[in-house]
Amino acid sequence: MDNMKTEKKNTKVKLISAPAAAVESPIFKTVNNKNYILYGDRNNYPSILKEMMNQSSLHSAILKKKADMVAGKGWDVITPEQKTFVANINGSETLNEIVYKNSYDLGLYGGFSFLVTWSKDKKSIARFQFMDWSKVRKMKELEDDSEIAKRQADGVDFFMISADWTQERKEKFKPEIVQGFSTQYNDETTQLVYVPVYRPGSEDTYPLPDYQACSTYIALDTEIASWHLNSVKNGFSPSLMINMIGVPSDDEMEQFEKKLNNQYEGSANAGKIMLTISEDETQVPVITPLSLNDSDERYKDLAEQTKEQIIIGHRASSTVVGVAVAGKLGTSSEVIEAEAMFQHNVIDQYQFLIENAYTRIMNFNKIEGDLELKHSITFDLDEIKEETNEIKEEKDAK
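These numbers were taken from a predicted model, which means no experiment stands behind them.

> I'd like a rundown of the confidence of the model for the protein, residues and numbers included.
Of the residues in the protein, 71% reach a pLDDT of 70 or more, and the chain-wide mean stands at 82. Low pLDDT, under 50, characterises residues 15-21; the predicted model gives this stretch 16 contacts beyond four residues in sequence or across chains.

> Before we move on, can you summarise the pairing of strand E5 (residues 125-130) with the specific residues and values?
Strand direction decides the pairing type here: strand E4 (residues 111-118) and E5, joined by five bridges, are antiparallel. Bridge pairing in E5 places Trp118 opposite Ile125. A loop of six residues connects E4 with E5, the two strands running antiparallel in sequence, and Lys122 in this loop sits at a positive phi of about 60°.

> Could you give an account of a negative patch on the surface, with specific residues and numbers?
On the surface, Glu141, Glu143, Asp144 and Asp145 cluster together into a negatively charged patch. Here Glu143 is to be found in the loop between strand E6 (136-138) and helix H5 (147-153).

> I'd love a proper account of the side chain of Lys34, names of residues and values included.
Locating Lys34 in the fold gives a position in the loop between strand E2 (28-29) and strand E3 (38-39). We classify Lys34 as buried; its relative accessible area is 19%. Every residue in contact with Lys34, bar those within four places of it in the chain, is listed here: Lys140 and Glu168.

> With reference to specific residues and values, describe the packing of aromatic side chains.
Using the criterion set out here, one finds 16 aromatic pairs in the structure. Here the aromatic rings of Tyr39 and Tyr206 are separated by 4.0 Å at their centres, their planes lie at 10°, and the arrangement is stacked. With Tyr39 in strand E3 and Tyr206 in the loop between strand E9 (190-196) and helix H6 (215-233), the pair connects residues that are 167 residues apart, well separated along the chain. When the centroid spacing of 4.4 Å and the interplanar angle of 15° are considered together, the rings of Trp133 and Tyr194 count as stacked. Of this pair, Trp133 sits in the loop between E5 and E6 while Tyr194 sits in strand E9, and the two are 61 residues apart along the sequence. Connected via pairs of aromatic rings, a cluster forms that spans Trp75, Phe85, Phe112, Phe114, Phe128 and Tyr358.

> Describe the packing of helix H4 (residues 95-109) against helix H9 (residues 332-364), with residues and values.
Between H4 and H9, the shortest axis-to-axis distance is 11 Å and the interhelical angle comes to 135°. On the basis of their axis angle, the class for H4 and H9 is oblique. Between H4 and H9 the crossing geometry is right-handed. In this structure, H4 uses Leu95, Ile98, Val99, Asn102, Ser103, Leu106 and Gly107 to contact H9, whose residues at the interface are Tyr350, Leu353, Ile354 and Tyr358. Taken together, the residues that form the contact of H4 with H9 break down as eight nonpolar, three polar and no charged.

> Explain the sheet that holds E6 to me, using residue names and the numbers behind them.
Pairing is mixed across the open sheet formed by six strands, whose spatial order is E5-E4-E9-E8-E7-E6. Each having just a single partner strand, E5 and E6 make up the two edges of the open sheet. Each adjacent strand pair in this sheet contributes to an overall mean axis angle of 40°, direction not counted. Both strand E8 (residues 176-180) and E9 contribute to a ladder of two bridges, which runs parallel. Across the sheet, Gln179 pairs through a bridge with Gln191, a residue of E9. Across the face of the sheet, H9 comes into contact with E4, E5 and E9 while running at roughly 10° to E4.

> Lay out the pattern of salt bridges with the relevant residues and their values.
Enumeration according to the criterion identifies eleven salt bridges in this entry. Lys66 is the salt-bridge partner of Asp210, the closest N and O atoms lying 3.3 Å from each other. Here Asp210, found in the loop between E9 and H6, pairs with Lys66, found in helix H2 (residues 57-71); they are 144 residues apart in sequence, far enough to count as distant. Residue Asp210 is classed as partly exposed on the basis of its relative accessible area of 22%. One network of salt bridges, in which partners are shared, links Lys66, Asp210 and Arg315.

Calculation rules
- Residues numbered from 1 in each chain as written.
- Predicted model: local features only at pLDDT ≥ 70, side-chain atom pairs only at ≥ 80, totals over all residues.
- Heavy atoms only, no water.
- pLDDT = per-residue confidence, 0-100.
- Contact = heavy atoms within 4.5 Å.
- Pairing = 2+ DSSP bridges.
- Helix = DSSP H or I, 4+ residues; strand = E, 2+ residues; numbered from the N terminus.
- Patch = residues over 30% accessible without salt bridge, like charges linked within 9 Å, V, L, I, M, F, W, Y side chains within 5 Å.
- Areas by Shrake-Rupley, 256 points an atom, 1.4 Å probe, with all protein chains shown as cover.
- Salt bridge = Lys/Arg side-chain N within 4 Å of Asp/Glu carboxyl O.
- Lys, Arg positive; Asp, Glu negative; His and termini not counted.
- Charge placed at Lys NZ, Arg CZ, Asp CG, Glu CD.
- Buried < 20%, exposed > 50% of the residue type's maximum accessible area, 1.4 Å probe, protein only.
- Phe/Tyr/Trp six-rings, centres within 6.5 Å; stacked < 30°, edge-to-face > 60°.
- Axes fitted to C-alpha atoms, helices over the stretch in contact; angles between N-to-C directions.
- Parallel < 35°, antiparallel > 145°, perpendicular 65-115°, else oblique.
- Left-handed = near helix turned anticlockwise from the far one by under 90°.
- Nonpolar A, V, L, I, M, F, W, Y, C, P; charged D, E, K, R; others polar.

Structure (structure tokens):
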């Protein structure tokens, strides 16, 4: 008995965690079998932006705030001719309705577009139609003897439009070619006015939205909400420990890990999986409940940082988007001042782009003046600052 050697049995322990996912900037490229430039690696970046809007409550609220402030109270018309122009009597929507949709697209995608239809005598624009930015793709420069190539050489852009780019091969969704607006080549009855916001590196192909830099935090906001939702659904259960009897080979272990990752990765299954492997039941480890430790506090801190970064990415402030700030009462003067600054720093530039595009068409129709959008809130920033200083002086005097 003394000469007998005790066989040593081993227990393997493996900690498995979900792989991290990154939010990458889109790639705009051409491929040989397509006449248009891909809007993202899979030509689906507008869909990604819409999904981000629909999944993050804060991001969605800020985009709605921007659209409301940019469109304001509609066009400020002065003359009867301007009033008729805005009425868009040959279209299904007035220019007040179209400009609100343009304002939403401008905030969400970084650009806006609309279709114009020439009159029969080709001397004026007879109708406006809204065009959803996500349905438009820019054609690449053709290098043949076609009429499109000739006009492209003269600086005229061409676009392709599909109601559903994921089904572009089907006859129902086959892309249609539309010429960009041109007073020189007006034989095409319907043309597209396409206005992207300039961003270095975009080369005016497709814009990047101004919140692009905080897209990771927008995705994180969605994941945090999902983590909390699933924590509630799972009764705030701790991380998972799994024990296997029998030591598998390295290949078998790798396959098993992949299956576990597929099932438990992501915010829907927050935490990590502790996998133990024993040669027999006598080697099974004692299972101790895995504490969540300070997960709630860590997620709370992360949620605050995420909220702050999303607001910064939109060049807004907590007051503008209606997020309460500890230690501040949020008086009416503070709210108005914050909105005035947001109007000056962000909204004015958006309105400038839209106003220029519409005024250009109106002036082409020989209607004088400039079209301007009425602000949703009328205020004078200098007056607000003066009133705020007076209030502070009164408080200090007391």
